[in-house]
Amino acid sequence: MTDSNSLLRQAERQCERHGARFTPIRRRVLEMIAGASGGLKAYDLLDRLAVEHAAARPPTIYRALDFLIEQGLVHRIESLNAYVACPCPEHAHGFQLLICRHCGRVEELHLDDVNNQLNTQARQLGFRVERQTIELLGSCDVCLEAAARA
């Protein structure tokens, strides 16, 4: 889980640098995602937001998510159709996600060598990479230890 306050301050600074509006709804959606231990689905976010903002509808959430992704503040977990806060949005390179299939914990890696090797291979094959998603599904230490004790 990401430190929500630190992430929100970082998001404010980043949006200010980019001249992007960090609206209260966008801030709240990021706060909810950052406060979760794993990824959150759009409709889970909508249910939570609707408690605070009765007028919240799916387009409200999807517009906020699109903005947060565009700003590098949130990543979409493709395999789960869920969203997770990016702990280091200033990192402009690709990333990899480790996802625990038991508890849903998500950790982000920045293995630039992996990204560089993939891009090099793609170029050699005459392919231009537009987007890269690397998700590693497995078990975290906590869940492995709990299973061993059971």
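- Naming follows an unreviewed UniProt entry, where the chain appears as Ferric uptake regulation protein of Billgrantia montanilacus.
- According to the UniProt record, the Subcellular location (unreviewed entry) comment for the chain reads "Cytoplasm".
- UniProt, in the comment section headed Subunit (unreviewed entry), describes the chain in these words: "Homodimer."

Focus on the pairing of strand 3 (residues 96-100)
- Burial of strand 3 is extensive: 4 of the 5 residues sit out of reach of the surface.
- Here strand 3 runs beside strand 4 (residues 106-109); their pairing, made up of 4 bridges, is antiparallel. Note that in strand 4 the partner of Leu97 across the bridge is Glu108.
- Between strand 3 and strand 4, which pair antiparallel and follow one another directly, the connecting turn spans 5 residues, one of which, Gly104, has a positive phi of 85 degrees.
- Examined bridge by bridge, strand 3 and strand 5 (residues 134-138) share 5 bridges and lie parallel to one another. Looking at strand 5, one finds that Ile99 is bridged to Leu137.

Remarks on helix 1 (residues 4-18)
- The end-to-end C-alpha distance of helix 1, which contains 15 residues, comes to 21 Å, matching closely the 21 Å that a straight helix rising 1.5 Å per residue would cover.
- Of the residues making up helix 1, those classed as buried are Ser4, Leu7, Leu8, Gln10, Ala11, Gln14 and Cys15. Each buried residue of helix 1 sits inside an arc of 165 degrees when the element is viewed along its axis, so together they form one side. When the buried face of helix 1 is taken as reference, the exposed residues oriented beyond 90 degrees from it are Glu16 and Arg17.
- Where helix 1 is buried, its residues touch helix 2 (24-34), helix 4 (58-70) and strand 2 (82-85).
- Taken from the residues just after helix 1, Gly19 is the one with a positive phi, measuring 70 degrees.

How each quantity is defined
Residues numbered from 1 in each chain as written. Predicted model: local features only at pLDDT ≥ 70, side-chain atom pairs only at ≥ 80, totals over all residues. Heavy atoms only, no water. UniProt positions renumbered as here; feature names shortened; annotations may be inferred. Buried < 20%, exposed > 50% of the residue type's maximum accessible area, 1.4 Å probe, protein only. Helix = DSSP H or I, 4+ residues; strand = E, 2+ residues; numbered from the N terminus. Pairing = 2+ DSSP bridges. Expected span 1.5 Å × (residues − 1). Arc of directions from axis to C-beta. Contact = heavy atoms within 4.5 Å.

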